[in-house]
Amino acid sequence: MSSIAPAMRHVRGFDVVRPLSIGMLIFMMLPLVFLPLASIFIFGTSNGLDKFWSALMQPEAVFALKLSMATSFWATVFNVIFGLFAAYVLSRYNFWGRNALIVTISLPTAIPTAVAGFALLLLWGPYGTLGRLLSPHGVQVMFTAGAIILANIFVTFPLAFGVIKPVFDTMSRSLEEASATIGATRWQTFWHVTLPSLRGAIVSGALLTFARAVGEFGSTILVSGNLAGRTQTAPLYIFAKFNEGQIEAANAIAIVLALFSFLIFSVLFFARDWLDVD
Amino acid sequence: MVKAKETLIPRHEEPATASQPPHPAAASVVGISKRFGKVGVLENISFDVAEGEVLVLLGASGSGKTTILRIIAGLEMPYTGKVILHGKDVTELPARERGVGVIFQSYALFPKMTVEKNIGYGLRIRKHKRKEIKKTVNELLSLVQLEEHRKKYPSQLSGGQQQRVAIARTLAYKPEVLLFDEPFGALDTQTRVHLRREIRALLKKVNVPAIFITHDQEEALELGDRVAVLNVGHVEQIGTPFEIYNHPATEYVATFLGAANILDAVVRKDFIEVGPAKIPATLDRESFREGDCVKIVFRPEDVSLNRGDFLRPGHHRLSSALIEEITFVGAYERLRLRLEADEECKTDDTSFLLTTETPDRKPTKSIIATRPKPEASTTRLQVGERVVVALTSFTVLPTKSTNMTNHQGTKAQI
């Protein structure tokens, strides 16, 4: 091997390893990522764009997309604010149990989403620990849009925090100290000095959270009730239509979701310079 | 500090400022001590800074100088003691209510604000009118000569420019005192020398009292109107650069501020006995009694080397010595000499031990002398040559065994 490798490396000044390794990478990704994605698009548009369009414009489909966007939006808002707060507390203060908190915040990424949904049902469901106390007052949390938001919050909990905390950790304390000696209150310092430095982390944390929340299925199907036109999100719609054998209807939404995530990750990747601008 | 008679040796005239600044003090630190957990880092630190004065806190790392600065700024609470700014006790006030300007070592400019925004920040958070802010910012931009960089971000500026922005940013809100935390630490030697002259000139122009901290003795001597030498949490000496360099109060000060030769000596009636040599000196009788063991400190440039026994007036024979090493160091020549107790000088029962201590505190019998270029080139000396060592000036320090109430060195004129 070692006697062949140096000979392979350069053939008349041409690096063979380079095109070989790039080709191999793409070849490996082909059946794993590219072809599944491509087949959505090929299938979805094979009957013509107008078929695709009418499948997309079904009131239930439009509702499912809107519901997904709305619930994901509110979950994102909550988790970014929470992530910011948690990152601030956990990187500024050292206290007993701090590491335990960090681990707990990170936990939801490792828990199967079905378990997350199940856990929420056990807490908020009509016979759950909290739900039992609320239902006599006519407050129903599960099987509503609120439940979907709760599920989204749970499964995307550590994402924004995970992006923001490292930035907090590396941020120089002297910036905040300088602001204080200049005469700023804590709030002014946070608003004028700390927050602008976190802009990039906040935007990318929000995009990650949103992308993840829009695609959430496992927990949503348990807590939402999956009622078409009421609590059915886009991924649930795809699943339902697929089960009913309406592959075109499922596929139309699938295309939208796939394009949507592609867009978000493109922004994350190509706007990197802007997000990290100093 | 007790002054002996000015005799024999013409010295540069001594600057008028003595250890006490002209009152009223713009900023005072009174009896500050500080502990981190059980470790004491500062003990009973007191000093004043006068209006428009530059005080340098000079100390090695771990001497507590940064902690003093942070206590004055309000970023750290003292364990005991007070911080007084323009007559007002601010010890209990948070940093933002003190109105001090801190120039951090890293400058701590706000990375997402332009130069203009950085400078105007103090006024913006004080809710000044837009017009007023603009006017002040313009004035400061021209003061620190950064008009053409006003729209730039800190990352687009050089270290020196960033530092000027940091200074302008604090001057905007008319600080009670400016605190510089090792301001030249991150710069190369050339820029550093250039900048400290520039900043000293700027400070004299704006007439704001300033406290610098540094570990660089050259920087301290050049920047400070007065210098406070710190050693593991206490002040060893405060004085003008002239005083602390030429009349160090303690061995630490002597060795920390450049090279110093230290020899054991004994106080006699009208002279100091250094080994076999008797050097006439007028000493303060209250601090020193006959028979006291003392140390004499002299700088390498206080040593004069002679081929023969003929000495110029004011030069006092110490001993003969063998040249061990000659090093060329640019502006001057540095010689290492081994002192010899010459036989014919042995007179009485004193031990003729010439124990000397070099700055790294290893006892040797060598001393260091320097000769300026003109002298080095007219009288060439060779390694191995025997010369007569004479002193032109020295300071007498009490040793620990000396019965002393005030722990101060006494200057001896010879």
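Here the structure is shown first, and the text comes after it.
The shown structure was predicted, so the numbers you read here are calculated from the model rather than taken from an experiment. The numbers attached to residues start from 1 for each chain and follow its sequence in the written order. Whichever chain is written first becomes A and whichever ligand is written first becomes 1, with later ones labelled in order. This being a predicted model, a pLDDT of at least 70 is required before a residue's local features are given, and a value of 80 or more before pairs of side-chain atoms are given or counted; all residues contribute to the totals for chains, interfaces and linings. Remark: hydrogens and water are excluded; side-chain values derive from all non-hydrogen atoms of the structure.

**Q** Any chance you could explain the interface of chain A and chain B here in plain terms?
**A** By a frequent convention, interface size equals the accessible area lost on bringing the separate parts together. Contacts are assigned to residue pairs that have any heavy atoms within 4.5 Å of one another. Each partner contributes to the interface: chain A provides 19 residues, whereas chain B provides 23 residues. Between chain A and chain B the total buried area reaches about 1,900 Å² when both faces are included, carbon and sulfur atoms providing 62% of it. We define a salt bridge as a contact between a side-chain nitrogen of Lys or Arg and a carboxyl oxygen of Asp or Glu at a distance within 4 Å. Put simply, chain A and chain B have 1 salt bridge between them. In this structure, the salt-bridge partner of R70(B) is E177(A), at a minimum N-O distance of 2.7 Å. For this analysis, a polar contact is any N or O atom pair within 3.5 Å, provided that within protein one partner can donate a hydrogen and the other can accept it, and provided that sequence-adjacent residues contribute only side-chain to side-chain pairs. Counting every contact that joins chain A to chain B gives 6 residue pairs in polar contact (both at pLDDT 80 or more). Strands are runs of DSSP state E lasting at least two residues, helices are runs of H or I lasting at least four, and both sets are numbered from the N terminus onward. Mapped onto the side of chain A that touches chain B, the elements with two or more residues apiece are helix 9 (173-182) and helix 10 (186-214) of chain A. A per-element tally of the side of chain A that touches chain B places helix 9 of chain A first, with 8 residues. Put simply, buried area is how much 1.4 Å-probe accessible surface two parts lose in total, over both of them, once they are put together.

**Q** Please clarify how the nonpolar core should be interpreted in this entry.
**A** Nonpolar side chains in soluble globular proteins tend to end up buried together. All names here are of chain B. By size, the foremost hydrophobic cluster in this structure holds 42 residues, and its most contacted members are I119, L178, F180, L203, F212 and V229. Take this core: its biggest share by element is 5 residues, from helix 4 (residues 159-171). Residue contacts for L178: discarding those within four places in its chain leaves G101, I103, T170, L171, L203, V208, P209, A210 and I211. Residues enter a nonpolar core if they are buried and are Ala, Val, Leu, Ile, Met, Phe, Trp, Tyr or Cys, with the set joined through side-chain atoms within 4.5 Å. Exposed residues in this analysis have more than 50% of their type's maximum accessible area, buried residues have under 20%, and partly exposed residues fall in between, with area computed by a 1.4 Å probe over protein chains only. Of all hydrophobic cores here, the second largest spans 41 residues; its members include V29, L42, V49 and I211.

**Q** What is the right way to look at the environment of V62(A) in this model?
**A** Relative to the elements of secondary structure, V62(A) occurs in helix 4 (residues 59-92). Note: C-alpha distance between V62(A) and F143(A) (81 residues apart in sequence) is 19 Å.

**Q** Would you explain helix 10 of chain A in this entry?
**A** In an α-helix there are 3.6 residues to a turn, and that puts residues three or four apart on one side. The span you would expect from a helix comes to 1.5 Å times its residue count less one. For helix 10 of chain A, built from 29 residues, the straight-helix expectation of 42 Å at 1.5 Å per residue is missed by more than 12%, its first-to-last C-alpha distance being only 35 Å. To obtain the bend at a residue, axes are fitted to the seven residues ending there and to the seven starting there, and the angle between these axes is taken. The sharpest bend along helix 10 of chain A measures roughly 50° and falls at R199(A).

**Q** Got a minute to help me understand the sheet that holds strand 9 (residues 226-231) of chain B in this structure?
**A** Through backbone hydrogen bonds, the strands of a sheet pair up, either in parallel or in antiparallel fashion. All names here are of chain B. Pairing in this open sheet of 6 strands is mixed, and the strands run 6-7-8-3-9-10 from one edge to the other. Looking along the sheet, the strands with just one partner apiece sit at the ends: strand 6 (101-103) and strand 10 (234-239). For this sheet the average axis-to-axis angle between neighbouring strands, irrespective of direction, equals 20°. Where strand 6 meets strand 7 (residues 178-181), 3 bridges bridge the pair, whose relative direction is parallel. When the sheet's bridge partners are listed, G101 is paired in strand 7 with L178. The pairing criterion is simple: DSSP has to find at least two bridges between the two strands. Between N-to-C directions, angles span 0 to 180 degrees; the directions come from axes that are lines fitted to C-alpha atoms, helices contributing only their stretch in contact.

**Q** Whenever I open this one, the packing of aromatic side chains confuses me. Can you help?
**A** Pairs of aromatic rings are described using the distance from one ring centre to the other and the angle between the two planes. In summary, the pairing rule links any two rings of Phe, Tyr or Trp, Trp by its six-membered ring, whose centres are within 6.5 Å, and it sorts them by plane angle into stacked for under 30 degrees, edge-to-face for over 60 and tilted for everything else. Per the counting criterion, the structure on display carries 14 aromatic pairs over all chains. Ring centres 5.0 Å apart and planes at 80° place the aromatic pair F73(A) and W74(A) in the edge-to-face group. Between the aromatic rings of F180(B) and F212(B), the centroid separation amounts to 4.1 Å while the plane-to-plane angle is 5°, which identifies the pairing as stacked. Taken together, the positions of F180(B) in strand 7 and F212(B) in strand 8 (residues 210-214) put the pair 32 residues apart, joining distant regions of the chain. Across the pair, F212(B) and F180(B) agree in class, each one buried. Note on criteria: charge over ring means Lys NZ or Arg CZ within 6 Å of the ring centre, with the direction from the centre no more than 35 degrees off the ring normal. Over the ring of Y245(B) we find R299(B), and its NZ or CZ is 4.1 Å from the ring centre.

Distances and angles like these do not, on their own, reveal function.
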